Amino acid sequence: MKVIKSVDELREYVAGLNGSIGLVPTMGALHEGHMSLIKRAVSESKNVIVSIFVNPTQFLPDEDLHKYPRKEEADIKICELCGASAVFMPSADDMYFENEPCVIAPPKFASILEGKTRPGHFDGVLRVLTKLFNLTKANRAYFGKKDAQQLLIVKNMVKTMFLNIEIIACEIIRESDGLALSSRNAYLKEIDKCNALRLSRSLFNASNMIKNGETDAAKIKESMLNTLEPLEVDYVAIVDREFNEISNIKLTDTIILVAAKVGNTRLIDNIWI
Ligand code: PAF
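Residues numbered from 1 in each chain as written. Predicted model: local features only at pLDDT ≥ 70, side-chain atom pairs only at ≥ 80, totals over all residues. Heavy atoms only, no water.

Going by the annotation in an unreviewed UniProt entry, the name recorded for the chain is Pantothenate synthetase, with Campylobacter majalis given as the source organism. In the Pathway (unreviewed entry) part of its UniProt record, the chain is described as follows: "Cofactor biosynthesis; (R)-pantothenate biosynthesis; (R)-pantothenate from (R)-pantoate and beta-alanine: step 1/1." (UniProt positions renumbered as here; feature names shortened; annotations may be inferred.)

Engineer: What is the right way to look at the UniProt feature "active site" (unreviewed entry) in the chain in this model?
Structural biologist: When the UniProt feature table is mapped onto this chain numbering, "active site" (unreviewed entry) sits at His34. Mapping His34 onto the fold places it in helix H2 (residues 32-44). By relative accessible area, His34 is classed as buried at 11%. Discounting residues that sit within four places of it in the chain, His34 has contacts with Thr26, Gly28, Ala29 and Ser183. (Helix = DSSP H or I, 4+ residues; strand = E, 2+ residues; numbered from the N terminus. Buried < 20%, exposed > 50% of the residue type's maximum accessible area, 1.4 Å probe, protein only. Contact = heavy atoms within 4.5 Å.)

Engineer: How do you make sense of helix H10 (residues 217-228) when you look at a structure like this?
Structural biologist: The α-helix advances 3.6 residues per turn, and as a result positions three or four apart in sequence lie on the same side. Over its 12 residues, H10 extends 16 Å from the first C-alpha to the last, a length consistent with the 16 Å expected when each residue adds 1.5 Å. If you check which residues of H10 are buried, you get Ala217, Ile220, Met224, Thr227 and Leu228. Looking straight down H10, one finds that the buried residues subtend no more than 95° of arc, so they occupy a single side. Those residues of H10 that are exposed and angled more than 90 degrees off the buried face are Ala218, Glu222 and Asn226. Among the residues of H10, the N-terminal cap falls to Asp216, whose side-chain oxygen and the backbone nitrogen of Ala218 are separated by 2.9 Å. (Expected span 1.5 Å × (residues − 1). Arc of directions from axis to C-beta. Polar contact = N/O pair within 3.5 Å; in protein donor to acceptor, adjacent residues only side chain to side chain.)

Engineer: Just checking my understanding: could you explain the pattern of salt bridges for this structure?
Structural biologist: Close approach of charged atoms allows side chains with opposite charge to pair. The tally for this structure, following the rule as stated, stands at 15 salt bridges. Arg266 is paired through a salt bridge with Glu114; the nearest N and O atoms lie 2.8 Å apart. You can see Arg266 sitting in strand E9 (residues 265-272) and its partner Glu114 sitting in helix H6 (residues 114-117), a full 152 residues away along the chain. The exposure class assigned to Arg266 is partly exposed, which follows from its relative accessible area of 22%. With a closest N to O distance of 2.9 Å, Glu245 and Lys221 form a salt bridge. Taken together, the residues span a long stretch of sequence, with Glu245 in the loop between strand E7 (232-239) and strand E8 (255-262) and Lys221 in helix H10 at a distance of 24 residues. According to the relative accessible area criterion, Glu245 is exposed, its value standing at 55%. Bridged by salt links that share partners, the residues Glu100, Arg127 and Lys131 form one connected network. (Salt bridge = Lys/Arg side-chain N within 4 Å of Asp/Glu carboxyl O.)

Right, dumping it as structure tokens:
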């Protein structure tokens, strides 16, 4: 497996590739969720490039850019174990220029939920992904459903900008107790762990209510908020696949999302109905 640290080196590497290219964009601190993306990419593409880049433009000034977990050596080993062909780990100076065109995610999708709390976040995500898609010339890129809003916004960019890349959505990977895997789980103190489970539990309860015939979104939200108590809840939302808020559950076209603070750590989770 090749470890590539500069844009020039990546261009040279990609120019020499034959066959399909799969890209797994990450910010490192890789866990089993990322591993499942890499393994899926390896099973579908001849060449798999994993990018590891803590992208500064998607963090707000008061967010955790500087303390975001960085585990370069372990990440390289994980990529190799999962069968990736290359890891791309550029510096921010190599990726960004002083004068660049603006990339703005459509406000309809980017100003709600995550975007309401994190204005500008999705602009930064699209900005770095545009660069990564162009540099790697990937045929496919793999994303986890845990960042459901990101997935929608990336798919929208690919469709509307006629980008020649297929976006593959991969299932959320959870701990055996239900906690959705996230690099930010590393911030959780022992005492927070029990409370962190309230997010997945609220979603599983919602899913059970639906299985038992409940279709009223307001009732489901109310029950979720009870399960989430005493966490500081940012949002509980019930939307269709286009992220329009819905008042009645539509089977196969509903996503239930939750964001809440556990101690000082903001966690998100969701379930697709
Ligand atoms: O989901 C992430 O880890 C990031 O938002 C991504 C897609 C790697 C872009 O920096």
